[in-house]
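Examination of the molecular architecture
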Amino acid sequence: MTEKELLAVACEQFLGKSVQDIKNVVLQTLEGHLRSILGTLTVEQIYQDRDQFAKLVREVAAPDVGRMGIEILSFTIKDVYDKVDYLSSLGKTQTAVVQRDADIGVAEAERDAGIREAECKKEMLDVKFMADTKIADSKRAFELQKSAFSEEVNIKTAEAQLAYELQGAREQQKIRQEEIEIEVVQRKKQIAVEAQEILRTDKELIATVRCPAEAEAHRIQQIAEGEKVKQVLLAQAEAEKIRRIGEAEAAVIEAMGKAEAERMKLRAEAYQKYGDAAKMALVLEALPQIAAKISAPLTKVDEIVVLSGDNSKVTSEVNRLLAELPASVHALTGVDLSKIPLIKKATGAQV
């Protein structure tokens, strides 16, 4: 195309491509549209009206190639053919029609001959079927009669077998009943033996366990009762002992009290009888005790050292202590030792 716009489009599409490349593009485009049109036509239309076929291709392909800047000036279908000679066979239609009619006539003649032949065969088969039917009926009657005989024989055989099995079952039942009775007798004997064994075991347990256990329990009970009686008797004896000891101690205390009272009574009588002499004896008896009480602290002293100067006063100190002794006794006992001649003589120098 020579228009500037279409020429510019053609330049954009094909610039730099060879002539062969351009031919291939156009050819592929036309082939595509040709295939699409072939899909809408029958073979007879394509073969018989080629001008219309070419016109349709131009109308459909022209806009596409026009957008590429190419104009279809002429498009002619030179020839239409196929690889299976279908199109070449279309000219042979009339010959085929004649051939068909001839074949139909031959087929109809053969059909009629076949029908007649079939009818003859049918008649033959009918006769043969009737004969076969009669033969089959005779054979079926024979088989039925034979089956009846066999059934009767089987029934008699089954009855005999059943009677034999029933008799065997009865015999087995009798044998089993006898076995059960034997088992019952054996079981009774076993139960009796087990009962005797239980009695023997019970007696053995009584002899070996129960009686010794009862004897041991009785012995322990007797020991416990004896121990209880022993404890009671011991407690009673201890109580009696304590009572008797208490009574004895009370009697002793009473006797001692009576003796002490008697002694005090006699002492009082002696005091009254002897007067100052008795008192002097009491004082003399008490002096050792008094001296022991006074000197008790001195027993804890290991050593006593008396220090004095040139003018020793030990003697005077001893004399002073002796002089103070009657006053101490008088303060403690109420007895005035200064009035006793012996003491007065011993301390006369200081009194």
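Residues numbered from 1 in each chain as written. Predicted model: local features only at pLDDT ≥ 70, side-chain atom pairs only at ≥ 80, totals over all residues. Heavy atoms only, no water.

**So, the overall build of the protein**
When you go through the protein residue by residue, the secondary structure sums to nine helices and zero strands. Counting helices and strands in the order they occur from the N terminus, the protein gives α-α-α-α-α-α-α-α-α. Looking at the protein as a whole, 9% of its 351 residues are labelled buried. In the protein, once contacts between residues fewer than 6 apart in sequence are set aside, the share between residues at least 24 apart is 53%. A total of about 29000 Å² of accessible surface is found on the protein, and carbon and sulfur atoms cover 60% of it. (Helix = DSSP H or I, 4+ residues; strand = E, 2+ residues; numbered from the N terminus. Buried < 20%, exposed > 50% of the residue type's maximum accessible area, 1.4 Å probe, protein only. Contact = heavy atoms within 4.5 Å. Areas by Shrake-Rupley, 256 points an atom, 1.4 Å probe, with all protein chains shown as cover.)

**Considerations on the pattern of salt bridges**
Pairing between side chains becomes possible if they bear opposite charge and their charged atoms approach one another. In this structure the tally under the stated criterion is twelve salt bridges. For R244, the salt bridge goes to E240, with nearest N and O atoms at 3.0 Å. Placement of the pair is R244 and E240 together in helix α6 (residues 93-274), with a separation of four residues, close to one helical turn. Exposure remark for R244: the relative accessible area of 51% places this residue in the exposed category. Residue classification places E240 among the partly exposed residues on the basis of a relative accessible area of 25%. (Salt bridge = Lys/Arg side-chain N within 4 Å of Asp/Glu carboxyl O.)

**Considering the packing of helix α2 (residues 19-38) against helix α4 (residues 50-66)**
α4 packs onto α2 with a crossing angle of 135° between their chain directions and a minimal axis gap of 9 Å. With respect to α4, the axis of α2 lies oblique. Handedness of the α2/α4 crossing: right-handed. Here T29, L30, H33, L34, I37 and L38 of α2 come into contact with α4, specifically with F53, L56, V57, V60, A61, D64 and V65. (Axes fitted to C-alpha atoms, helices over the stretch in contact; angles between N-to-C directions. Parallel < 35°, antiparallel > 145°, perpendicular 65-115°, else oblique. Left-handed = near helix turned anticlockwise from the far one by under 90°.)

**Let's talk about α2**
Its 20 residues give α2 an end-to-end C-alpha distance of 28 Å, which sits within 8% of 28 Å, the value for a rise of 1.5 Å per residue. Listed in full, the buried residues belonging to α2 are V26, T29, L30, H33 and I37. Buried residues in α2, looked at end-on, bunch into an arc of 90°, giving them a common side. Facing away from the buried surface of α2 by more than 90 degrees, the exposed residues are Q28 and R35. Buried residues along α2 sit against α4. (Expected span 1.5 Å × (residues − 1). Arc of directions from axis to C-beta.)

**Concerning the nonpolar core**
In this structure, L30, F53, V57, I70, F75 and I77 are the most contacted members of the largest nonpolar core, which totals 15 residues. Going through the elements one at a time, α2 and α4 are the ones with two or more residues in this core. The leading source of residues in this core is α4, at five residues. The contact partners of F75, leaving out residues within four places of it in the chain, are L30, A54, V57 and R58. (Core = buried A, V, L, I, M, F, W, Y, C linked by side-chain atoms within 4.5 Å.)

**Description of α4**
In this model, α4 (17 residues) spans 23 Å end to end at C-alpha, consistent with the 24 Å of a helix rising 1.5 Å per residue. At V60, α4 shows its strongest bend, of approximately 30°, with the proline P63 following within four residues. (Bend = angle between axes of the 7 residues up to and from the residue.)

**Concerning the side chain of H33**
Along the chain, H33 falls in helix α2. Since its relative accessible area comes to 14%, H33 is described here as buried. Here the side chain of H33 touches D64 through a polar contact of 2.4 Å, side chain to side chain. The contact partners of H33, leaving out residues within four places of it in the chain, are V60, A61 and D64. (Polar contact = N/O pair within 3.5 Å; in protein donor to acceptor, adjacent residues only side chain to side chain.)

**Quick notes on the confidence of the model for the protein**
A residue-level look at the protein finds 73% of positions with pLDDT of 70 or above and a mean pLDDT of 76. Of all helices and strands in the protein, the one with the weakest mean pLDDT is helix α9 (residues 341-346) (56), whereas α2 scores best (83). (pLDDT = per-residue confidence, 0-100.)

**Considering the side chain of T29**
Within the element layout of this structure, T29 appears in helix α2. Ignoring sequence-local partners within four residues, the contact set of T29 consists of D64, V65 and M68.

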